[in-house]
Amino acid sequence: MTKTKFTREEALAFHLDPTPGKWEVTATVPMTTQRDLSLAYSPGVAVPCEEIAAKPELAYDYTNKGNLVAVISNGTAVLGLGNLGALGGKPVMEGKSVLFKRFADVNSVDIELDTEDPEEFIKACKLMGPTFGGINLEDIKAPECFIIEQRLKEEMDIPVFHDDQHGTAVICAAGLINALHLSGKKIEDVKIVLNGAGAAGIACLELLKSMGAQHDNCIMCDTKGVIYQGRTEGMNQWKSAHAANTKLRTLEEAMVGADVFLGVSAKGAVTQDMVKSMADNPVIFAMANPDPEITPEEAHEVRVDAIVATGRSDYPNQVNNVLGFPYLFRGALDIHARAINDEMKIACARALAELAREDVPDEVALAYGKSLTFGRDYIIPTPFDPRLIHRIPPAVARAGMDTGAARRPIIDMEAYEAGLRGRMDPTASVLRSINSRARAAQARMIFAEGDDPRVLRAAVMYQRNGFGKAVVVGREADVKEKLEASGLGDAVREIKVVNAANTPHLETYKEFLYQRLQRKGYDRQDVHRLAARDRHVFASLLLAHGHGDGLITGATRKSAHVMEAINQVFDADAESGVAGVTALLHKGRIVLISDTLVHEWPEEEDLANIAERAAGVARHLGLEPRVAFVSFSTFGYPVSERASKMHRAPMILDKRGVDFEYEGEMTVDVALNTRAQENYPFQRLTGPANILVVPARHSASISVKLMQEMAGATVIGPILAGIDSSIQICSTTMTANDILNMAVLAACKVG
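Note that the structure is predicted; figures quoted are calculated from it, not measured.

Trainee: Explain the overall build of the protein chain here, please?
Mentor: From N to C terminus, the protein chain includes 32 helices and 21 strands. Over its C-alpha atoms the protein chain spans a radius of gyration of 30 Å, differing by no more than 12% from the 27 Å that the globule rule assigns to 751 residues. The 751 residues of the protein chain split such that 53% are buried. By sequence separation, contacts in the protein chain at least 24 residues apart represent 70% of the contacts at least 6 residues apart. In the form shown here, the protein chain has an accessible surface area of approximately 33400 Å², with 52% of it arising from carbon and sulfur atoms.

Next up, the structure:
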C-alpha cells in the first residue's frame, strides 16, 4: 500500500463539495401523499407512541433506536492534534459516523458537547439515552475519559464504548493472538512491555490481562519511565492498577528479554538497541500515529525474526480501529445489548484472529494488489475484507447472549449471518478494486485538455494519489497560471506538460496521420493543423505512439466532436465495433447501460456487439454479466416493428455461443426485478440484469441523465469499449473527481 498524498486544498474541497460535511438524513418511508404524512406524523404516529409508552422495548421495533449510535466528543483530544474544542473536532466525528455506515450499515449521529466538565458531559449523555441504541465516545482526554465511560456504563442501559481505549485494545489483541501463535508462545507466559500509559495503553493491558496475560509479566511505562509499585510521580488510580513489583526503572531496562512490545506513545521512542535486547521472535506493535515508535525497516534491520505491526496503512499488519468498532456495535445492536462487555470484546478479537488465518478471497488480493497469506506480514485482516461483516458481529452477538447482555437473543444465527452478507454496498468493493488495480498499473495518463482547471486538478490528484504519471497537453505558462489559481502551484514541477511546440515527435505524428487521412480528402496542411492545433487529435497521437498508456478527453467539448477527433487517429466508430458503456451506481446496485456514445440507431448485429462489449466491461469491474435487451415490450407484446430488433439480437448471441447470460426483449422492470421475472419462467436470467442494452443512443442518454438527476445515481462513463488503446471520454459537466475516476478506469484498461 502507498501512503495517500493530498494538499490542504484537496482536504477542504472534499469536505465542502458537493455539500458541506460528510453525511445527510434520508427518509426510509414514503413521504409524498397526505396519507403518508398522516401515518408518519399526526395522527398516525400516536399509535406507536402509545405502544412504546406501555412497553418501552418496542422502541426497537417502531423507531430507529436499534440501529442508531451516537458518536459523542468534547474535542479535548482530537487525533494527534490535541484540544481543538467541540466544534474543531466535528469533522472527525462526522467521519466516524460515515465509517459506521460504510463498514457495518450502522446509522450514526455525531454530537459535540461544549464542555470539559465530566459531570456535565455525563448528564448530557444520560439525558439523550432514550434516543440511541449505543454511544461511541471519541477523542476525550485522559483521565476524564475513564471517569466518563465508567459512570455511563454503570448508569445507562445501552452500550457505551470509548473507541480510543477499547477499539485499539481489541485490534491489538487480535494481532497479538496470531503473532504469539506464529512465534510459538502463550499469552500467560510472555513478558509484555507497554509504552504509553494513556487511555489506549491502559485499555490494551487490561484486555490482555483478561485474556490471560499475567500481571507480574506486564510492565507499563510512561514519559517518566516504568510504572512500579511505590512510584508517586505522575501517577493516578488507573496507572496504579498496573504498577509492577519490579526494580526496572526505564523503558530501555524493561525491554531486555521482553517478548512483546506495545507502543501507543511517540515517534522514535524505541531504538534498535532496545529491539536487539528483546527475546527470540519478538513481537513489536509500534502503534503511534502518524509515525510509529520504530519503523518496520528499522526493527527488521537488527531483528529479522521480529513480527512488526504499526498503525499505518503503508506497512503490513495495520492496527486499525475500523476493524473493530463497526462490527462490535453491529453485533451489540442486533441483540439489543445492555452493554459491550469484555467477553464481547474478546470474542471480536478472536474472530478477527481466526479470519486472518483463513484463505484470503481473490477480491481482497485484487484490491490490495498483492497476495495475502497468513504469516509474519499478515496477522490482522485488512479493513476491506468483505467477510468481516458476516463473521465478526455474530461472534460478538453470541458472546453477548452467553453473558446475559442481550435483551433480544438471535434465534436463527444462520439466517442472521445470511442477512449480514446482504447488508453491504457491493459498489464500494468494485470501486476499491479499480483504484488498487490502477495503482498497480502505474499508467502514464494523458490529459488532453490542460487549459481546464478541473482537468488539471484531476491530473494532479491522479499523480499524487499514486496511480501513475500525469501527462498534460497544454502550454506551460497557461498550465502554471491555472494551477496557481487553483492553489496547486507546487504541482507544476510534478506533472509533465506537452504540446506540439515542445515535442520532438511532431513530424512522426504528422506522417502517421497523413497516411491515415490522405485518401479522405486531407492534404499535408490539413494534417499539420490537426496534429499541431487540435489538442484531442494531438493527445490521441501521443497515445497511438506509446507516449502514454491512456487518454482522458472530452471535458471541454461535446462528445460528438471528441469522437470525430479520436477517429482521425484510431478506428473508433460504429463500423469498428466500438461501444460506449455507462455505469450507474445507486443504492448498492451497479447497472451498465449501452450504447451511450457511439451507435445512434444500432441494428440487431450492432446490438449483439454492444452486448459483448458491455459484458467485457462488466467483467473488468468484477461483475458476472447478465444482459437484458430492453424495450417497451416484453417477449413480443405489445407487437412493434421498432422492438423487433431487440427480439432478434439475442438470437445472434445464440449463434455466437457467448459465455454470459442474456435475454430479451423485455421492459426495464422485468430486467431488474426478480419477482417480475418469475412471471416468465422460460426466461434465462438467473437474477436481475446488470447490463441494459437499449434500442438507441437517445434512449440511453435519457435513461442515464434521468437516473442521475432524479435518483441521484453516481455515473461513471461513458466507458469507450472496443479500442485496443485505453481512451475514456468525459462529459462537459464532470467535476475534477469525476475526471479522476475516468482516469482510474483508463489506467485499469476497463473497456
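Alright, that's what it looks like, and here's the rest.
Trainee: What is the right way to read a nonpolar patch on the surface from this model?
Mentor: Taken together, the side chains of Val29, Met31 and Leu37 present a nonpolar region at the surface, about 250 Å² in accessible area. Looking at Leu37, the relative accessible area reads 37%, which means it is partly exposed.

Trainee: I would appreciate a short explanation of the sheet that holds strand E7 (residues 225–226) in the present structure.
Mentor: Whenever strands of a sheet pair, they do so through backbone hydrogen bonds, lying parallel or antiparallel. Strands sit in the order E7-E6-E5-E8-E9-E10 across an open sheet of six strands; the sheet is mixed. Across the chains shown, the open sheet's two edge strands, defined by having one partner strand only, are E7 and strand E10 (307–310). Summarising the sheet, strand E8 (residues 260–263) and strand E9 (residues 283–286) pair through four bridges and their orientation is parallel. Bridging from a neighbouring strand, Gly263 pairs with Ala286 of E9. Across the sheet, helix H9 (residues 163–183) lies against E8, E9 and E10, angled at about 160° from E9, the strand it touches most.

Trainee: How do you make sense of unusual backbone geometry when you look at a structure like this?
Mentor: Glycine aside, negative phi is the norm for most residues, and most peptide bonds take the trans geometry. In this structure, Pro290 follows Asn289 across a cis peptide bond, with omega equal to 5°. When you line up the elements, Pro290 lands in the loop between E9 and helix H14 (296–302). Of note, the amide linkage connecting Ser594 to Asp595 takes the cis form, showing an omega dihedral of 5°. In this fold, Asp595 is placed in the loop between strand E16 (589–594) and helix H27 (604–620). A positive phi is found at Gln442, a non-glycine position, where the angle reads about 50°. Residue Gln442 is classed as partly exposed on the basis of its relative accessible area of 43%.

Trainee: Would you take a moment to explain the pairing of E8 for this structure?
Mentor: In regular strands, side chains alternate between the two faces of the sheet. Of the two faces of E8, the one carrying Val260 and Leu262 and the one carrying Phe261 and Gly263 are both buried. Pairing of strand E5 (residues 192–195) with E8 involves four bridges; the strand directions are parallel. When the bridges of E8 are listed, Val193 appears paired with Phe261.

Trainee: How should I be thinking about the sheet that holds strand E3 (residues 134–137) in this particular structure?
Mentor: Taken in spatial order, the four strands line up as E2-E1-E3-E4 in an open sheet, and their pairing is parallel. Lying at the two open borders of the sheet, with one neighbouring strand each, are strand E2 (107–112) and strand E4 (160–162). This sheet shows a mean twist of 25° between the axes of neighbouring strands, independent of strand direction. Pairing geometry for strand E1 (residues 68–73) and E3, over four bridges, is parallel. Paired with Val71 across the two strands is Asn136, which belongs to E3. In the packing of helix H7 (residues 118–128) onto the sheet, the strands contacted are E1, E2 and E3, and the crossing angle to E1 comes to about 165°.

Trainee: Just checking my understanding: could you explain the environment of Ala349 for this structure?
Mentor: Turning to its location among the elements, Ala349 is positioned in helix H16 (residues 342–357). The exposure class of Ala349 is buried, given its relative accessible area of 0%. Ala349 sits 146 residues away from Ile495 along the chain, and the two C-alpha atoms are 45 Å apart. If we skip the residues at most four places from it in the chain, Ala349 touches Val170, Ala173, Ala174 and Ile177.

Trainee: Any chance you could explain the packing of helix H21 (residues 453–464) against helix H22 (residues 476–485) here in plain terms?
Mentor: Each pair of packed helices can be summarised by the angle the axes make with each other and by the distance between the axes. Viewed as axis vectors pointing N to C, H21 and H22 meet at an angle of 80°, and their least axial separation amounts to 10 Å. Our classification of the angle between H21 and H22 gives roughly perpendicular. Contacts between H21 and H22 involve Pro453, Leu456 and Val460 on the former and, on the latter, Val479, Lys482 and Leu483. Looking at side-chain class alone, the contact of H21 with H22 contains five nonpolar, no polar and one charged residues.

About the criteria used
- Residues numbered from 1 in each chain as written.
- Predicted model: local features only at pLDDT ≥ 70, side-chain atom pairs only at ≥ 80, totals over all residues.
- Heavy atoms only, no water.
- Helix = DSSP H or I, 4+ residues; strand = E, 2+ residues; numbered from the N terminus.
- Rg over C-alpha atoms; globule rule 2.2 N^0.38 Å.
- Buried < 20%, exposed > 50% of the residue type's maximum accessible area, 1.4 Å probe, protein only.
- Contact = heavy atoms within 4.5 Å.
- Areas by Shrake-Rupley, 256 points an atom, 1.4 Å probe, with all protein chains shown as cover.
- Patch = residues over 30% accessible without salt bridge, like charges linked within 9 Å, V, L, I, M, F, W, Y side chains within 5 Å.
- Salt bridge = Lys/Arg side-chain N within 4 Å of Asp/Glu carboxyl O.
- Pairing = 2+ DSSP bridges.
- Axes fitted to C-alpha atoms, helices over the stretch in contact; angles between N-to-C directions.
- Parallel < 35°, antiparallel > 145°, perpendicular 65-115°, else oblique.
- Nonpolar A, V, L, I, M, F, W, Y, C, P; charged D, E, K, R; others polar.

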